[in-house]
Amino acid sequence: MVDITPADAVPPAEVAEMELYHPHSWWTKYVFSQDAKVIAIQYSATATAIGLVALVLSWLMRLQLGFPGTFDFITPEAYYQFITMHGMIMVIYLLTALFLGGFGNYLIPLMVGARDMVFPYVNMLSYWIYLLAVLVLVSSFFAPGGPTGAGWTLYPPQAIMTGTPGGQDWGIMLMLISLILFIIGFTMGGLNYVVTVLQGRTRGMTLMRLPLTVWGIFTATVMALLAFPALFVACVMMLFDRALGTSFFMPAIVEMGEQLQHGGGSPILFQHLFWFFGHPEVYIVALPAFGIVSDLISTHARKNIFGYRMMVWAIVGIGALSFVVWAHHMYVSGMHPYFGFFFATTTLIIAVPTAIKVYNWVLTLWRGDIHLTIPMLFALAFIVTFVNGGLTGLFLGNVVVDVPLSDTMFVVAHFHMVMGVAPILVIFGAIYHWYPKVTGRMLNEAMGQFHFWVTFLGAYLIFFPMHYIGLMGVPRRYNELTDMTVMTESAQHLNSFISIMALMVGFAQMVFLFNLIWSIRHGREAGGNPWRATTLEWQTPQTPPAHGNFGKELPIVYRWAYDYSVPGAKEDFIPQNMPGSFGSSRGPA
Amino acid sequence: MADTTLTHIGRTQPRPAGLQGVAADWSSDQRAFKNVSWGKAMMWIFLLSDTFVFGCFLLSYMTARMSTRVPWPNPSEVFALHIGGSNVPLILIAIMTFVLISSSGTMAMAVNFGYRRDRRKTAILMLLTAALGATFVGMQAFEWTKLISEGVRPWGNPWGAAQFGSSFFMITGFHGTHVTFGVIFLIIVARKVWRGDYDTGRPGFFTSRRGSYENVEIMGLYWHFVDLVWVFIFAFFYLW
């Protein structure tokens with residue numbers, strides 16, 4: 001690519017200084033704040049709190065599966081409610097909200113060199129509507145009949161029928177209302193993230209100089225803005241089916257010996273709408289993780305990212321492809337063989353850009369000056385976990401393999417590896433990496449080591465055996481697995497082992513949360529740039545960054561984000577806002 | 001104010017040719033769309049997202065209509081009005097469509113006068129647009145009342161597939177909600193124009209941001225979108 005501007009030239013200001021809202025009171029500074037950094041922390045704290053609920057639910061499920069008959073209070077209905085709420089909370093209210101609302105809000109303005117998001121007021125509304133969505137979701141635990149037990153996919157017709165917990169009570173309605181609120185709130189934030197990246201960058205910050213973190217979050221947000229509408233429509237229609245008695249998704253059906261009033265609707269239509277959202281959702285969670293892990297690896301291996309341009313195109317390509325693969329979640333619903341062929345092919349094609357990314361991460365590490373810091377450990381753990389989870393995805397992408405495996409624990413193990421454990425590992429790595437910027441102090445190293453090793457090894461001890469018992473034929477979604485021919489004694493032993501490991505990994509997260517709180521006061525002073533990183537958020541005059549991020553003058557960007565270990569340079573990193581020709585020829589324009 | 005449209009782009013060196021040039025333009029310094037302000041970019045992206053919402057609604061309706069085995073009510077008869085001793089098919093819808101498309105015309109004129117700083121004409125034309133929009137919603141209310149009195153319900157109707165009523169109320173209701181929000185915001189922006197907020201730089205009540213006459217155009221983008229969506233609803237629901 002031809003350099004459009006010479007490295008030292010200062011481009012004229014195209015984006016004028018933005019007017020900041022100056023808070024007048026404690027309330028507008030810390031509670032109803034329009035500062036993206038405060039909103040980010042609010043988003044993260046809320047997501048973590050609701051995530052803890054989902055974690056506890058997973059313990060309860062594992063207790064029931066590992067030690068059937070021991071816990072009387074976990075009735076079959078309760079088990080289905082746990083499984084539904086665990087899935088929905090983890091995917092939407094934790095992962096999506098934390099990556100986009102949390103990391104997006106904190107990092108986008110800082111990394112592109114902006115004072116704030118382009119419309120801070122709308123950004124603030126986004127959080128409060130998200131909080132409302134979470135509260136509605138939580139309220140369903142206390143509603144008559146409890147939360148919905150329809151499974152996180154909420155498939156009709158069972159989702160709104162009597163046999164399903166919450167189906168004819170409040171549970172499913174509160175779930176749908178909460179999702180609709182979440183989508184409205186997310187749209188407000190998402191528009192902000194996209195416009196800030198496209199139109200609000202500082203001087204010298206071309207798109208091809210953005211850190212990959214921003215590329216990942218940006219692409220994921222664009223995808224979310226196009227995928228969430230399908231879920232929105234599905235939720236509205238199911239709400240009407242439940243509340244008004246329409247039959248969008250309800251076929252003629254007999255319940256408890258009685259013919260229901262419904263008729264003529266298509267349950268498959270819901271599945272299409274749901275997965276048109278649901279599959280991009282996988283990448284909405286994965287792409288920010290891809291981006292963040294690229295930056296972690298480059299920074300902690302003191303090497304420029306390998307193949308930056310290919311990394312960007314791979315992110316964009318994965319984002320585009322993920323909209324044409326949704327029906328691979330529906331092989332068992334029955335479809336024309338040619339459709340199955342089409343969706344299997346597109347699914348396998350996604351492996352190409354994904355493999356490019358994995359190779360580039362590995363080649364970035366190749367002969368790098370690898371510092372085994374906690375963020376780096378988590379980044380390395382992500383690579384292996386993602387490859388493991390991704391490989392079983394290649395199995396399940398094929399129709400003939402998927403059909404027999406679809407209702408087994410193998411699928412549970414697959415998606416937990418690839419979109420549960422892998423993104424969570426990145427979230428942990430990212431928190432260890434950026435915590436010093438948010439608080440000014442480092443997280444405790446010893447607790448971090450303990451947290452990492454227990455989480456990483458524990459996750460494998462949970463999910464590797466789960467693949468195995470899945471291949472043996474142990475079904476998913478069953479609340480009790482005794483008295484089945486596939487449930488041999490050894491399989492039940494493994495099952496109990498998985499449950500114990502799940503409890504242990506859960507305990508390690510308590511250590512992590514303690515570390516987060518403890519280190520705010522007792523952590524080692526971090527200084528402005530403890531990792532000696534190049535990106536703009538580490539170059540702020542204050543740590544934590546003040547309102548407006550960059551003091552009087554916005555930084556001017558002279559180079560890409562990956563000038564590590566440039567030969568001849570004084571230090572092994574050159575910040576993006578450092579003028580001079582060192583390294584400038586190595587990055588894209 | 002950061003929202004001002006860019007007029008001058010300093011460019012000293014030649015651009016790369018071909019596809020590389022396209023990529024270079026898109027990824028160029030500071031802003032991807034050079035003469036597009038933040039507010040306008042945000043509205044365009046919102047409308048793209050909203051397109052997917054309406055697209056999903058219409059596709060779901062089409063799926064329901066094609067897959068149901070009960071006959072679909074004939075729109076020419078259902079939406080006919082009994083005028084002067086004969087049934088005139090689709091007459092109300094024709095008038096509604098005419099009203100809404102006319103309102104797009106007045107909106108476009110309002111944008112034009114807004115950029116000429118003609119406060120009076122801008123505000124009047126925006127209020128006229130809002131009035132036409134309110135007329136549209138009023139006629140829609142009339143249409144709903146007529147159908148409901150004839151026995152159409154979300155869960156069933158006298159003439160055929162139950163999905164007819166459910167899709168009709170859902171899609172026209174969702175579109176009508178969009179029009180209603182549009183009317184409300186038209187009135188708010190018209191008031192700001194009338195009061196001269198965009199000349200004096202008076203900060204917004206909630207956002208504390210200063211607006212500009214471009215807000216009239218952004219409002220217009222939304223309004224034209226709602227109008228365009230109606231054309232598709234008209235084609236797929238009433239004419240099919």
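Residues numbered from 1 in each chain as written. Chains lettered and ligands numbered in written order. Predicted model: local features only at pLDDT ≥ 70, side-chain atom pairs only at ≥ 80, totals over all residues.

How we decide: UniProt positions are given in the numbering used here, feature names are shortened, and annotations may be inferred rather than shown by experiment.
As recorded by an unreviewed UniProt entry, chain B carries the name Cytochrome bo(3) ubiquinol oxidase subunit 3 and is attributed to Mesorhizobium mediterraneum. According to its UniProt record, chain B has this under Subunit (unreviewed entry): "Heterooctamer of two A chains, two B chains, two C chains and two D chains." What UniProt records for chain B under Subcellular location (unreviewed entry) is the sentence "Cell membrane".

For chain A, an unreviewed UniProt entry supplies the name Cytochrome c oxidase subunit 1 and the organism Mesorhizobium mediterraneum. On record in UniProt, under Catalytic activity (unreviewed entry), the comment for chain A is "4 Fe(II)-[cytochrome c] + O2 + 8 H(+)(in) = 4 Fe(III)-[cytochrome c] + 2 H2O + 4 H(+)(out)".

## So, the overall build of chain A
Basically, it comes down to this: By definition, any uninterrupted DSSP run of H or I lasting at least four residues is a helix, any uninterrupted run of E lasting at least two residues is a strand, and each is numbered from the N terminus. The globule rule used for comparison is 2.2 Å times the number of residues to the exponent 0.38, while the radius of gyration itself is calculated over C-alpha atoms. Neighbour counting defines burial: a residue surrounded by 20 or more other C-beta atoms within 10 Å of its own C-beta is buried, one with 12 or fewer is exposed, and intermediate counts give partly exposed, using backbone-placed C-beta atoms. Contacts are defined on C-beta atoms placed from the backbone: any two residues whose C-beta positions lie within 7 Å are in contact.
Regarding its fold elements, chain A presents 15 helices and 2 strands. Its C-alpha atoms give chain A a radius of gyration of 24 Å, within 12% of the compact-globule value 25 Å for 589 residues. Taking the principal axes of the C-alpha coordinates as reference, chain A spans close to 80 × 50 × 50 Å. Looking at the 589 residues of chain A, the share that counts as buried comes to 56%. Long-range pairs, those at least 24 residues apart, make up 81% of the contacts in chain A with a sequence separation of at least 6.

## A closer look at the overall build of chain B
Looking only at helices and strands, one finds 8 helices and 2 strands in chain B. Helices and strands appear in chain B in the N-to-C order α-α-α-β-β-α-α-α-α-α. The C-alpha radius of gyration of chain B comes to 22 Å, more than 25% above the 18 Å expected for a compact globule of 240 residues. For the C-alpha atoms alone, the extent of chain B along its principal axes is close to 70 × 45 × 30 Å. When burial is assessed residue by residue, chain B has 37% of its 240 residues classed as buried.

## A look at the UniProt feature "transmembrane region" (unreviewed entry) in chain B
Residue and element names in this part refer to chain B. The UniProt feature table records "transmembrane region" (unreviewed entry) at residues 41-64, 79-101, 122-142, 162-189 and 219-239. For residues 41-64, the helix share is 100%, the strand share is 0%, and the end-to-end C-alpha distance is 35 Å. Helix makes up 100% of residues 122-142 and strand 0%, with an end-to-end C-alpha separation of 30 Å.

## Describing the UniProt feature "domain: Cytochrome oxidase subunit I profile" (unreviewed entry) in chain A
In the numbering used here, UniProt assigns the "domain: Cytochrome oxidase subunit I profile" (unreviewed entry) feature to residues 21-558 of chain A. Between the end C-alpha atoms of residues 21-558 of chain A there is a gap of 29 Å, over a span that is 66% helix and 1% strand.

## As for the UniProt feature "domain: Heme-copper oxidase subunit III family profile" (unreviewed entry) in chain B
Per the UniProt entry, the sites bearing "domain: Heme-copper oxidase subunit III family profile" (unreviewed entry) are residues 43-240 of chain B in this numbering. Taken end to end, residues 43-240 of chain B comprises 75% helix and 3% strand; its first and last C-alpha atoms sit 31 Å apart.

## Examining the interface of chain A and chain B
Heads up, the condition is: Ten residue types, Ala, Val, Leu, Ile, Met, Phe, Trp, Tyr, Cys and Pro, are classed as nonpolar, four, Asp, Glu, Lys and Arg, as charged, and the remainder, Gly among them, as polar.
Contacts between chain A and chain B engage 48 residues on the former and 47 residues on the latter. Secondary-structure elements contributing two or more residues to the side of chain A that touches chain B are α5 (171-199), α6 (212-243) and α7 (267-300) of chain A. Ranked by the residues each element gives to the side of chain A that touches chain B, the list is headed by α6 of chain A, at 8 residues. Here the side of chain A that touches chain B is composed, by residue class, of 31 nonpolar, 12 polar and 5 charged.

## Comments concerning unusual backbone geometry
Among all residues except glycine, the phi angle is most often negative; among peptide bonds, the trans geometry is most common. All names here are of chain A. The peptide bond linking P156 to P157 adopts the cis configuration, its omega dihedral lying at 0 degrees. Within the element layout of this structure, P157 appears in the loop between α4 (120-139) and α5. Here the bond from T543 into P544 is cis, since omega is -10 degrees, no more than 30 degrees from zero. Tracing the backbone through its elements, the reader meets P544 in the segment after α15 (489-522). Of note, R477 is a non-glycine position whose phi angle comes to about 70 degrees, a positive value. By secondary structure assignment, the location of R477 is in the loop between α14 (445-472) and α15.

## Quick word on the packing of helix α2 (residues 38-67) of chain B against helix α8 (residues 214-239) of chain B
All names here are of chain B. The criterion, for reference: Interaxial angles span 0 to 180 degrees and are taken between N-to-C directions of axes, which are lines fitted to C-alpha atoms, for helices over the stretch in contact. The labels follow the angle: roughly parallel below 35 degrees, roughly antiparallel above 145, roughly perpendicular from 65 to 115, and oblique for the rest. When the near helix sits turned anticlockwise from the far one by under a right angle, the crossing is termed left-handed; a clockwise turn instead gives a right-handed crossing.
At their nearest, the axes of α2 and α8 sit 11 Å apart, and the two run at 15 degrees to each other. Between α2 and α8, the interaxial angle falls into the category roughly parallel. Along this stretch, α2 crosses α8, giving a crossing that reads as right-handed. For the pair α2 and α8, contact is made by G39, K40, M43, W44, L47, F54, L58 and M62 and by E214, N215, I218, L221, Y222, F225, V229, F232 and F236, respectively. Taken together, the residues that form the contact of α2 with α8 break down as 13 nonpolar, 2 polar and 2 charged.

## Considering the packing of helix α3 (residues 76-112) of chain A against α5 of chain A
Residues and elements named next belong to chain A. Orientation of α3 relative to α5, taken along the N-to-C sense of each, is 25 degrees, at an axis distance of 10 Å. As judged from the angle between their axes, α3 and α5 are roughly parallel. The handedness of the crossing between α3 and α5 comes out as left-handed. Mapping the contact onto sequence places I92, L100, G101, G104, I108, P109 and V112 in α3 and F182, G189, G190, Y193, T196 and V197 in α5.

## Section: helix α9 (residues 337-349) of chain A
Note that an α-helix has 3.6 residues per turn; residues three or four places apart therefore point the same way. All names here are of chain A. Here is the rule: One less than the residue count of a helix, multiplied by 1.5 Å, gives the span that helix is expected to have. Directions are taken from the helix axis to each C-beta atom, and the arc is the one they span.
Look at α9: 18 Å from first C-alpha to last across 13 residues, which is about the 18 Å you get at 1.5 Å a residue. Of the positions making up α9, those classed as buried are G340, F343, A344 and T347. In a view along the axis of α9, the buried residues occupy a sector of 105 degrees, so they form one face of it. Exposed residues on α9 whose side chains face more than 90 degrees from its buried face are Y338 and F341. Against α11 (374-397) and α12 (399-405) lie the buried residues of α9.

## With respect to the environment of V325 of chain A
Residues and elements named next belong to chain A. Along the chain, the position of V325 falls in the loop between α8 (308-321) and α9. Classification of V325 by C-beta neighbours within 10 Å gives buried; the count is 23. Placed 167 residues apart in sequence, V325 and Q158 show a C-alpha to C-alpha distance of 25 Å. When sequence neighbours within four positions are dropped, the list of residues in contact with V325 reads H279, F343, T346, T347 and I350.

## Concerning the environment of A114 of chain A
Relative to the helices and strands, A114 of chain A is located in the loop between α3 and α4. Along the primary structure A114 of chain A and L554 of chain A are separated by 440 residues, whereas in three dimensions their C-alpha atoms are 7.4 Å apart.

## What about α15 of chain A?
Residue and element names in this part refer to chain A. The first and last C-alpha atoms of α15 sit 49 Å apart over 34 residues, in line with the 50 Å expected at 1.5 Å per residue. All buried positions along α15 are accounted for by N495, I498, M501, A502, V505, N515 and S519. Each element contacted by the buried residues of α15 is listed here: α2 (36-66) and α14.

## A short note on the confidence of the model for chain B
Residue and element names in this part refer to chain B. Let me state the cut-off plainly: Residue-level confidence of the predictor is summarised by pLDDT, bounded by 0 at the bottom and 100 at the top.
Looking at chain B as a whole, the pLDDT averages 90, with 94% of positions reaching at least 70. Scored below 50 in pLDDT, residues 1-10 shows 24 contacts in the model against residues more than four places distant or in partner chains. Reported confidences for the modelled complex are a pTM of 0.95 and an ipTM of 0.93.

## Structural notes on the environment of V136 of chain A
Residues and elements named next belong to chain A. Its place among the elements puts V136 in helix α4. Measuring from C-alpha to C-alpha, the distance between V136 and L125 comes to 16 Å, with 11 residues separating the pair along the chain. Residues in contact with V136, not counting those within four places in the same chain, are L174, I177, S178 and L181.

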